[in-house]
Amino acid sequence: GQNWEILGDPTEGALLTVAGKSGIFKESWTQQFPRLMEFPFSSERKRMSVVVENTTYRIGDLDLLMFSKGSSELLLGCCDRVQIGDHIESLSAERQQQILDENNQMAAKGLRVLGFAYKPLADLPPEGSEATSEQGLIWLGLVGMLDAPRPEVRRAVAQCRQAGIRPVMITGDHQLTAQAIAYDLGIAQPGDLVLTGQQLQKLSQAELEQQVGNVSIYARVSPEHKLRIVQALQKRGEFVAMTGDGVNDAPALKQADIGVAMGITGTDVSKEASDMVLLDDNIATIVRAVQEGRVVYTNIRRFIKYILGSNIGEVLTIAAAPIMGLGGVPLSPLQILWMNLVTDGLPALALAMEPAEPNVMQR
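Residues numbered from 1 in each chain as written. Predicted model: local features only at pLDDT ≥ 70, side-chain atom pairs only at ≥ 80, totals over all residues. Heavy atoms only, no water.

Visitor: Before we move on, can you summarise the pairing of strand β3 (residues 64–71) with the specific residues and values?
Guide: Here β3 lies mainly inside the structure; seven of its eight residues are buried. Here seven bridges tie strand β2 (residues 47–53) to β3, and the two strands are oriented antiparallel to one another. Across the sheet, residue Val51 finds its bridge partner in β3, namely Met66. Bridge count for β3 against strand β6 (residues 111–121) is eight bridges, and the pairing is antiparallel. Residue pairing across strands places Gly70 opposite Gly115, the latter belonging to β6. (Buried < 20%, exposed > 50% of the residue type's maximum accessible area, 1.4 Å probe, protein only. Helix = DSSP H or I, 4+ residues; strand = E, 2+ residues; numbered from the N terminus. Pairing = 2+ DSSP bridges.)

Here it is as C-alpha coordinates:
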(Lines give C-alpha, C1' and ligand atoms only; values in the text may rest on other atoms or scores of the structure.)
Protein backbone atom coordinates (compact mmCIF):
# COMPACT_ATOMS: atom_id res chain seq x y z
CA GLY A 1 0.00 0.00 0.00
CA GLN A 2 1.02 3.32 -1.28
CA ASN A 3 -0.85 6.30 0.09
CA TRP A 4 -1.96 8.80 -2.53
CA GLU A 5 -2.70 12.42 -1.79
CA ILE A 6 -4.51 14.89 -4.02
CA LEU A 7 -2.68 18.19 -4.50
CA GLY A 8 -4.45 21.00 -6.32
CA ASP A 9 -7.91 21.01 -7.86
CA PRO A 10 -10.21 18.28 -6.39
CA THR A 11 -12.01 17.73 -9.74
CA GLU A 12 -8.72 17.06 -11.54
CA GLY A 13 -7.68 14.84 -8.60
CA ALA A 14 -10.87 12.78 -8.96
CA LEU A 15 -10.22 12.34 -12.71
CA LEU A 16 -6.62 11.24 -12.09
CA THR A 17 -7.95 8.74 -9.53
CA VAL A 18 -10.50 7.22 -11.93
CA ALA A 19 -7.81 7.03 -14.65
CA GLY A 20 -5.42 5.37 -12.17
CA LYS A 21 -8.07 2.74 -11.37
CA SER A 22 -8.05 1.87 -15.10
CA GLY A 23 -4.26 1.60 -15.13
CA ILE A 24 -3.74 4.96 -16.85
CA PHE A 25 -1.11 7.09 -15.12
CA LYS A 26 -0.28 10.69 -15.91
CA GLU A 27 3.51 10.24 -16.22
CA SER A 28 3.38 7.62 -19.01
CA TRP A 29 0.56 9.38 -20.86
CA THR A 30 2.27 12.76 -20.93
CA GLN A 31 5.24 11.02 -22.62
CA GLN A 32 2.97 9.32 -25.16
CA PHE A 33 0.89 12.48 -25.76
CA PRO A 34 3.12 15.56 -25.21
CA ARG A 35 0.90 18.61 -24.63
CA LEU A 36 1.42 21.38 -27.20
CA MET A 37 -1.19 23.98 -26.20
CA GLU A 38 -4.42 24.45 -24.28
CA PHE A 39 -7.57 26.53 -24.34
CA PRO A 40 -8.04 27.18 -20.60
CA PHE A 41 -11.39 26.82 -18.83
CA SER A 42 -13.65 29.86 -18.98
CA SER A 43 -16.95 30.38 -17.17
CA GLU A 44 -18.65 31.40 -20.44
CA ARG A 45 -17.69 28.24 -22.37
CA LYS A 46 -17.71 26.03 -19.23
CA ARG A 47 -15.10 23.74 -20.76
CA MET A 48 -11.37 23.45 -21.48
CA SER A 49 -9.37 21.81 -24.27
CA VAL A 50 -5.81 20.61 -24.78
CA VAL A 51 -3.98 19.81 -28.00
CA VAL A 52 -1.47 16.95 -27.81
CA GLU A 53 0.94 15.33 -30.21
CA ASN A 54 -0.44 11.96 -31.26
CA THR A 55 2.57 9.63 -31.23
CA THR A 56 0.66 6.44 -30.31
CA TYR A 57 -2.75 6.11 -32.01
CA ARG A 58 -2.27 7.52 -35.49
CA ILE A 59 -5.50 8.41 -37.32
CA GLY A 60 -4.60 8.61 -40.99
CA ASP A 61 -1.99 11.30 -41.47
CA LEU A 62 -3.30 13.54 -38.64
CA ASP A 63 -0.54 14.16 -36.12
CA LEU A 64 -2.49 15.99 -33.39
CA LEU A 65 -5.43 15.32 -31.09
CA MET A 66 -7.64 17.83 -29.28
CA PHE A 67 -9.25 16.65 -26.03
CA SER A 68 -12.06 18.66 -24.42
CA LYS A 69 -13.87 18.32 -21.10
CA GLY A 70 -16.51 20.42 -19.37
CA SER A 71 -20.24 20.98 -18.97
CA SER A 72 -21.84 17.97 -20.63
CA GLU A 73 -24.77 19.88 -22.18
CA LEU A 74 -22.57 22.60 -23.69
CA LEU A 75 -19.86 20.18 -24.86
CA LEU A 76 -22.46 17.88 -26.44
CA GLY A 77 -23.59 20.89 -28.51
CA CYS A 78 -20.04 21.04 -30.00
CA CYS A 79 -20.13 17.37 -31.10
CA ASP A 80 -21.44 15.94 -34.37
CA ARG A 81 -20.16 12.36 -33.96
CA VAL A 82 -20.01 9.82 -31.14
CA GLN A 83 -17.48 7.07 -30.45
CA ILE A 84 -19.01 3.71 -29.47
CA GLY A 85 -16.34 1.11 -28.77
CA ASP A 86 -13.90 1.31 -31.68
CA HIS A 87 -16.24 2.76 -34.30
CA ILE A 88 -17.47 6.33 -34.80
CA GLU A 89 -21.00 7.17 -35.93
CA SER A 90 -22.86 10.43 -36.46
CA LEU A 91 -24.58 11.87 -33.38
CA SER A 92 -28.31 11.34 -33.93
CA ALA A 93 -31.00 13.29 -32.06
CA GLU A 94 -32.00 10.05 -30.27
CA ARG A 95 -28.42 9.40 -29.14
CA GLN A 96 -28.10 13.02 -28.00
CA GLN A 97 -31.28 12.70 -25.91
CA GLN A 98 -30.04 9.40 -24.47
CA ILE A 99 -26.79 11.11 -23.34
CA LEU A 100 -28.69 14.05 -21.80
CA ASP A 101 -31.04 11.67 -19.94
CA GLU A 102 -28.04 9.78 -18.54
CA ASN A 103 -26.48 13.11 -17.55
CA ASN A 104 -29.69 14.15 -15.73
CA GLN A 105 -29.95 10.81 -13.91
CA MET A 106 -26.37 11.17 -12.62
CA ALA A 107 -26.88 14.84 -11.68
CA ALA A 108 -30.11 14.02 -9.78
CA LYS A 109 -28.03 11.76 -7.50
CA GLY A 110 -25.95 14.80 -6.53
CA LEU A 111 -23.03 13.89 -8.80
CA ARG A 112 -20.97 16.54 -10.58
CA VAL A 113 -21.01 15.39 -14.21
CA LEU A 114 -18.38 16.21 -16.85
CA GLY A 115 -18.55 15.43 -20.55
CA PHE A 116 -15.52 14.35 -22.62
CA ALA A 117 -14.87 14.66 -26.35
CA TYR A 118 -11.97 14.73 -28.80
CA LYS A 119 -11.06 15.24 -32.45
CA PRO A 120 -7.99 14.61 -34.61
CA LEU A 121 -6.26 17.68 -36.07
CA ALA A 122 -3.77 18.28 -38.85
CA ASP A 123 -2.37 21.59 -37.55
CA LEU A 124 -2.17 23.51 -34.30
CA PRO A 125 -5.19 25.80 -33.96
CA PRO A 126 -4.34 29.52 -33.64
CA GLU A 127 -4.42 31.15 -30.18
CA GLY A 128 -7.84 32.45 -29.16
CA SER A 129 -9.73 30.31 -31.71
CA GLU A 130 -11.77 28.40 -29.10
CA ALA A 131 -15.11 29.27 -30.74
CA THR A 132 -14.14 27.72 -34.10
CA SER A 133 -11.72 24.99 -32.95
CA GLU A 134 -14.02 23.42 -30.33
CA GLN A 135 -16.53 22.31 -32.99
CA GLY A 136 -17.11 19.06 -34.87
CA LEU A 137 -15.93 17.04 -31.86
CA ILE A 138 -16.38 13.30 -31.30
CA TRP A 139 -18.29 12.56 -28.08
CA LEU A 140 -16.61 10.09 -25.73
CA GLY A 141 -18.76 9.90 -22.59
CA LEU A 142 -19.64 11.18 -19.14
CA VAL A 143 -17.89 10.98 -15.78
CA GLY A 144 -19.81 11.56 -12.53
CA MET A 145 -18.05 12.44 -9.29
CA LEU A 146 -19.43 12.97 -5.81
CA ASP A 147 -18.29 16.22 -4.24
CA ALA A 148 -19.48 15.07 -0.82
CA PRO A 149 -20.45 17.85 1.61
CA ARG A 150 -18.63 17.83 4.96
CA PRO A 151 -20.67 16.15 7.72
CA GLU A 152 -20.78 19.34 9.84
CA VAL A 153 -22.32 21.45 7.03
CA ARG A 154 -25.87 20.12 7.60
CA ARG A 155 -25.73 21.25 11.25
CA ALA A 156 -24.20 24.60 10.27
CA VAL A 157 -27.06 25.24 7.80
CA ALA A 158 -29.65 24.40 10.50
CA GLN A 159 -27.92 26.82 12.89
CA CYS A 160 -27.96 29.52 10.20
CA ARG A 161 -31.72 29.15 9.83
CA GLN A 162 -32.24 29.32 13.62
CA ALA A 163 -30.07 32.44 13.74
CA GLY A 164 -32.19 34.21 11.11
CA ILE A 165 -29.58 33.76 8.35
CA ARG A 166 -30.96 32.47 5.03
CA PRO A 167 -28.43 30.22 3.25
CA VAL A 168 -28.45 30.41 -0.58
CA MET A 169 -26.53 28.12 -2.94
CA ILE A 170 -24.91 29.67 -6.02
CA THR A 171 -23.06 27.16 -8.20
CA GLY A 172 -21.79 26.56 -11.70
CA ASP A 173 -22.96 22.94 -11.48
CA HIS A 174 -26.02 21.41 -13.18
CA GLN A 175 -29.31 22.37 -11.52
CA LEU A 176 -30.21 18.74 -10.65
CA THR A 177 -26.83 18.29 -8.90
CA ALA A 178 -27.38 21.57 -7.03
CA GLN A 179 -30.94 20.57 -6.04
CA ALA A 180 -29.89 17.14 -4.76
CA ILE A 181 -27.13 18.62 -2.56
CA ALA A 182 -29.26 21.60 -1.40
CA TYR A 183 -32.13 19.29 -0.32
CA ASP A 184 -29.67 16.98 1.44
CA LEU A 185 -28.14 19.88 3.40
CA GLY A 186 -31.42 21.62 4.17
CA ILE A 187 -30.52 24.73 2.13
CA ALA A 188 -33.75 24.27 0.16
CA GLN A 189 -36.92 22.19 0.43
CA PRO A 190 -38.57 20.33 -2.48
CA GLY A 191 -40.73 22.86 -4.33
CA ASP A 192 -38.38 25.81 -3.73
CA LEU A 193 -37.59 27.92 -6.77
CA VAL A 194 -34.41 27.20 -8.76
CA LEU A 195 -32.95 29.77 -11.16
CA THR A 196 -30.43 28.80 -13.84
CA GLY A 197 -27.94 31.18 -15.41
CA GLN A 198 -29.92 31.14 -18.68
CA GLN A 199 -33.17 32.13 -16.91
CA LEU A 200 -31.34 34.77 -14.86
CA GLN A 201 -29.87 36.24 -18.06
CA LYS A 202 -33.40 37.00 -19.31
CA LEU A 203 -34.49 38.78 -16.12
CA SER A 204 -34.09 42.52 -15.70
CA GLN A 205 -32.52 43.73 -12.44
CA ALA A 206 -35.96 44.81 -11.16
CA GLU A 207 -37.44 41.36 -11.92
CA LEU A 208 -34.46 39.69 -10.25
CA GLU A 209 -35.00 41.82 -7.12
CA GLN A 210 -38.59 40.49 -6.93
CA GLN A 211 -37.48 36.86 -7.39
CA VAL A 212 -34.36 36.90 -5.21
CA GLY A 213 -36.27 36.65 -1.92
CA ASN A 214 -37.79 33.27 -2.88
CA VAL A 215 -34.89 31.54 -4.66
CA SER A 216 -32.55 29.32 -2.63
CA ILE A 217 -30.64 27.67 -5.51
CA TYR A 218 -28.89 29.31 -8.47
CA ALA A 219 -27.33 26.79 -10.89
CA ARG A 220 -25.08 27.06 -13.97
CA VAL A 221 -24.37 30.70 -13.15
CA SER A 222 -21.58 32.92 -14.50
CA PRO A 223 -19.48 35.32 -12.40
CA GLU A 224 -21.49 38.39 -13.48
CA HIS A 225 -24.68 36.65 -12.31
CA LYS A 226 -23.20 36.31 -8.80
CA LEU A 227 -22.64 40.07 -8.70
CA ARG A 228 -26.22 40.72 -9.86
CA ILE A 229 -27.64 38.38 -7.18
CA VAL A 230 -25.66 40.15 -4.42
CA GLN A 231 -26.76 43.59 -5.68
CA ALA A 232 -30.42 42.48 -5.90
CA LEU A 233 -30.36 41.16 -2.31
CA GLN A 234 -28.75 44.39 -1.06
CA LYS A 235 -31.37 46.45 -2.92
CA ARG A 236 -34.00 44.61 -0.86
CA GLY A 237 -32.25 45.76 2.31
CA GLU A 238 -30.59 42.43 3.06
CA PHE A 239 -27.16 42.18 4.69
CA VAL A 240 -25.18 39.83 2.43
CA ALA A 241 -22.21 37.57 3.22
CA MET A 242 -20.76 35.87 0.12
CA THR A 243 -18.27 33.00 -0.08
CA GLY A 244 -16.01 32.34 -3.06
CA ASP A 245 -12.60 31.02 -4.05
CA GLY A 246 -11.92 31.98 -7.67
CA VAL A 247 -10.70 35.07 -9.52
CA ASN A 248 -14.21 35.27 -11.03
CA ASP A 249 -15.77 35.58 -7.56
CA ALA A 250 -13.80 38.73 -6.71
CA PRO A 251 -16.41 41.31 -7.92
CA ALA A 252 -19.23 39.63 -5.91
CA LEU A 253 -16.97 39.25 -2.84
CA LYS A 254 -16.10 42.95 -3.05
CA GLN A 255 -19.75 43.97 -3.49
CA ALA A 256 -21.06 41.85 -0.58
CA ASP A 257 -21.27 43.38 2.91
CA ILE A 258 -18.94 40.61 4.08
CA GLY A 259 -16.81 38.80 1.47
CA VAL A 260 -15.54 35.43 2.70
CA ALA A 261 -12.63 33.83 0.80
CA MET A 262 -11.29 30.29 1.06
CA GLY A 263 -7.84 30.04 2.64
CA ILE A 264 -6.86 26.66 1.16
CA THR A 265 -8.43 26.56 -2.32
CA GLY A 266 -8.87 30.33 -2.71
CA THR A 267 -6.90 32.45 -5.18
CA ASP A 268 -4.90 35.47 -4.02
CA VAL A 269 -7.31 37.75 -5.91
CA SER A 270 -10.36 36.40 -4.04
CA LYS A 271 -8.55 36.73 -0.68
CA GLU A 272 -7.60 40.32 -1.50
CA ALA A 273 -11.21 41.21 -2.42
CA SER A 274 -12.74 39.69 0.73
CA ASP A 275 -13.12 40.86 4.34
CA MET A 276 -12.58 37.47 5.93
CA VAL A 277 -10.52 34.39 5.01
CA LEU A 278 -11.51 30.88 6.16
CA LEU A 279 -8.31 29.03 6.98
CA ASP A 280 -10.12 25.66 6.95
CA ASP A 281 -12.50 26.32 3.98
CA ASN A 282 -15.42 25.22 6.17
CA ILE A 283 -18.85 26.90 6.27
CA ALA A 284 -19.27 25.75 9.90
CA THR A 285 -16.46 28.19 10.76
CA ILE A 286 -18.61 31.09 9.47
CA VAL A 287 -21.42 30.00 11.80
CA ARG A 288 -18.96 29.87 14.72
CA ALA A 289 -17.74 33.36 13.77
CA VAL A 290 -21.35 34.63 13.77
CA GLN A 291 -21.86 33.09 17.22
CA GLU A 292 -18.66 34.70 18.52
CA GLY A 293 -19.73 38.06 17.06
CA ARG A 294 -23.11 37.83 18.81
CA VAL A 295 -21.42 36.99 22.13
CA VAL A 296 -19.09 40.00 21.79
CA TYR A 297 -22.00 42.29 20.83
CA THR A 298 -24.13 41.10 23.79
CA ASN A 299 -21.23 41.54 26.22
CA ILE A 300 -20.45 45.04 24.97
CA ARG A 301 -24.09 45.99 25.60
CA ARG A 302 -23.95 44.51 29.12
CA PHE A 303 -20.69 46.33 29.82
CA ILE A 304 -22.04 49.70 28.59
CA LYS A 305 -25.36 49.34 30.49
CA TYR A 306 -23.51 48.59 33.72
CA ILE A 307 -20.96 51.44 33.33
CA LEU A 308 -23.68 53.92 32.33
CA GLY A 309 -25.90 52.84 35.24
CA SER A 310 -23.23 53.32 37.89
CA ASN A 311 -21.90 56.57 36.40
CA ILE A 312 -25.39 58.08 36.12
CA GLY A 313 -25.86 57.18 39.83
CA GLU A 314 -22.70 59.12 40.70
CA VAL A 315 -23.69 62.13 38.57
CA LEU A 316 -27.20 62.23 40.12
CA THR A 317 -25.77 62.01 43.66
CA ILE A 318 -23.35 64.89 43.04
CA ALA A 319 -25.96 67.00 41.18
CA ALA A 320 -28.76 66.37 43.74
CA ALA A 321 -26.69 67.48 46.80
CA PRO A 322 -26.83 71.29 46.15
CA ILE A 323 -30.50 71.06 45.00
CA MET A 324 -31.50 69.38 48.27
CA GLY A 325 -29.57 72.02 50.20
CA LEU A 326 -26.93 69.63 51.53
CA GLY A 327 -23.72 71.52 52.19
CA GLY A 328 -20.39 70.39 50.77
CA VAL A 329 -19.60 67.69 48.20
CA PRO A 330 -21.38 64.35 48.84
CA LEU A 331 -18.51 62.28 47.38
CA SER A 332 -14.83 63.06 47.78
CA PRO A 333 -12.50 62.71 44.76
CA LEU A 334 -10.99 59.63 46.41
CA GLN A 335 -14.43 57.98 46.75
CA ILE A 336 -15.26 58.73 43.08
CA LEU A 337 -11.90 57.28 42.02
CA TRP A 338 -12.49 54.19 44.20
CA MET A 339 -15.95 53.63 42.65
CA ASN A 340 -14.69 54.08 39.09
CA LEU A 341 -11.70 51.81 39.53
CA VAL A 342 -13.00 49.07 41.81
CA THR A 343 -16.80 48.95 41.70
CA ASP A 344 -17.03 49.91 37.99
CA GLY A 345 -13.93 48.45 36.36
CA LEU A 346 -13.67 44.91 37.75
CA PRO A 347 -17.36 43.84 37.54
CA ALA A 348 -17.64 45.41 34.06
CA LEU A 349 -14.56 43.44 33.00
CA ALA A 350 -16.22 40.26 34.28
CA LEU A 351 -19.36 41.10 32.25
CA ALA A 352 -17.23 41.55 29.11
CA MET A 353 -15.84 38.02 29.52
CA GLU A 354 -19.27 36.32 29.88
CA PRO A 355 -19.54 33.08 27.82
CA ALA A 356 -22.25 32.52 25.20
CA GLU A 357 -25.81 31.96 26.38
CA PRO A 358 -27.45 28.75 25.16
CA ASN A 359 -29.98 30.61 22.98
CA VAL A 360 -27.52 33.07 21.37
CA MET A 361 -28.06 31.51 17.89
CA GLN A 362 -31.87 31.43 18.18
CA ARG A 363 -32.25 35.22 18.29
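Visitor: Describe the packing of aromatic side chains, listing the residues and the values that go with them.
Guide: A complete count under the given rule lists three aromatic pairs for this structure. Ring geometry for Phe33 versus Phe67: centroids 6.4 Å apart, planes at 90°, classification edge-to-face. Within this pair, whereas Phe33 is found in the loop between α2 (26–32) and β1 (35–42), its partner Phe67 is found in strand β3, the two being separated by 34 residues in sequence. Seen from their ring centres, Phe67 and Tyr118 are 6.3 Å apart, and the 35° between their planes marks the pair as tilted. Highlighted residues: Phe67 in strand β3 and Tyr118 in strand β6, separated in sequence by 51 residues. Classification of Phe67 as partly exposed rests on a relative accessible area of 30%. Here Tyr118 falls in the buried class, since its relative accessible area comes to 9%. In this structure an aromatic cluster arises from ring pairing among Trp29, Phe33, Phe67 and Tyr118. (Phe/Tyr/Trp six-rings, centres within 6.5 Å; stacked < 30°, edge-to-face > 60°.)

Visitor: I'd love a proper account of the nonpolar core, names of residues and values included.
Guide: In terms of nonpolar packing, the biggest core is built from 19 residues, with Leu195, Leu208, Val212, Tyr218, Ile229, Val230 and Met242 touching the most fellow members. Among the elements of the structure, β10 (215–219), α10 (223–235) and α11 (250–255) are those that each provide at least two residues to this core. Per-element accounting of this core gives the leading share, four residues, to α10. Once you skip the residues sitting within four places of it in the chain, Leu208 turns out to touch Leu195, Leu200, Leu203, Arg228, Ile229 and Ala232. With 16 residues, the next largest nonpolar core counts Phe39, Leu64, Met66 and Leu76 among its residues. (Core = buried A, V, L, I, M, F, W, Y, C linked by side-chain atoms within 4.5 Å. Contact = heavy atoms within 4.5 Å.)

Visitor: A description of unusual backbone geometry should follow, citing residues and the corresponding values.
Guide: One non-glycine residue, Lys46, lies in the positive phi region at around 55°. You can see Lys46 is positioned in the loop between β1 and β2. At Arg220, a residue that is not glycine, the phi angle is positive and equals roughly 50°. In this fold, Arg220 is placed in the loop between β10 and α10.

Visitor: Provide a residue-level description of the pairing of β10, including the pertinent values.
Guide: Within β10, five of the five residues are buried, which leaves it mostly tucked inside the rest of the structure. Bridging between strand β8 (residues 169–170) and β10 involves two bridges; their strand directions are parallel. Counted as the bridge partner of Met169 is Ile217 from β10. The pairing of strand β9 (residues 193–196) with β10 spans four bridges and is classified as parallel. Paired with Val194 across the strands is Ile217, a residue of β10.

Visitor: Help me get a handle on the sheet that holds β3, residues and values and all.
Guide: A sheet is described by the order of its strands in space; here seven strands give the open sequence β1-β2-β3-β6-β7-β4-β5, paired in mixed fashion. Two strands close off the open sheet at either side, each with one partner strand: β1 and β5 (87–90). When strand polarity is set aside, the average angle formed by the axes of neighbouring strands in this sheet is 30°. Examined bridge by bridge, strand β4 (residues 79–84) and strand β7 (residues 137–146) share three bridges and lie parallel to one another. Following the sheet pairing, Val82 is matched in β7 by Trp139. Lying on the sheet, helix α4 (residues 93–108) is in contact with β4, β5, β6 and β7; it crosses β7 at an angle near 15°. (Axes fitted to C-alpha atoms, helices over the stretch in contact; angles between N-to-C directions.)

Visitor: Give me the pattern of salt bridges: which residues, what numbers.
Guide: Where charged atoms of side chains with opposite charge meet at close range, the side chains can pair. As enumerated under the stated definition, the model contains twelve salt bridges in all. One salt-bridge network, held together by shared partners, links Arg45, Arg47 and Glu134. (Salt bridge = Lys/Arg side-chain N within 4 Å of Asp/Glu carboxyl O.)

Visitor: Explain the side chain of Asn103 residue by residue, including any values.
Guide: Its place among the elements puts Asn103 in helix α4. Residue Asn103 is classed as buried on the basis of its relative accessible area of 1%.

Visitor: A description of the environment of Asn340 should follow, citing residues and the corresponding values.
Guide: Position of Asn340 relative to the elements: it lies in helix α14 (residues 333–352). As a C-alpha pair, Asn340 and Thr265 span 75 residues in sequence and 50 Å in three-dimensional space.

Visitor: Now, about the packing of helix α13 (residues 283–323) against α14: what can you tell me, with residues and values included?
Guide: Packed helices, taken two at a time, are described by their axes: the angle between them and the distance between them. Between α13 and α14, whose axes approach to 8 Å, the crossing angle comes to 160°. Here α14 runs roughly antiparallel to α13, going by the angle between their axes. Both α13 and α14 take part in a crossing whose hand is right-handed. Of the residues in α14, those in contact with Asn299, Arg302, Phe303, Tyr306, Ile307, Ser310, Asn311, Glu314 and Ile318 of α13 are Ile336, Met339, Asn340, Thr343, Asp344, Pro347, Ala348, Leu349, Leu351 and Ala352. (Parallel < 35°, antiparallel > 145°, perpendicular 65-115°, else oblique. Left-handed = near helix turned anticlockwise from the far one by under 90°.)

Visitor: With reference to specific residues and values, describe α14.
Guide: In an α-helix there are 3.6 residues to a turn, and that puts residues three or four apart on one side. Between its first and last C-alpha atoms α14 spans 27 Å; for 20 residues at 1.5 Å apiece the expected length is 28 Å, and the two agree. Its maximal kink placed at Gly345, α14 deviates by approximately 30°, while the proline Pro347 follows within four residues. (Expected span 1.5 Å × (residues − 1). Bend = angle between axes of the 7 residues up to and from the residue.)

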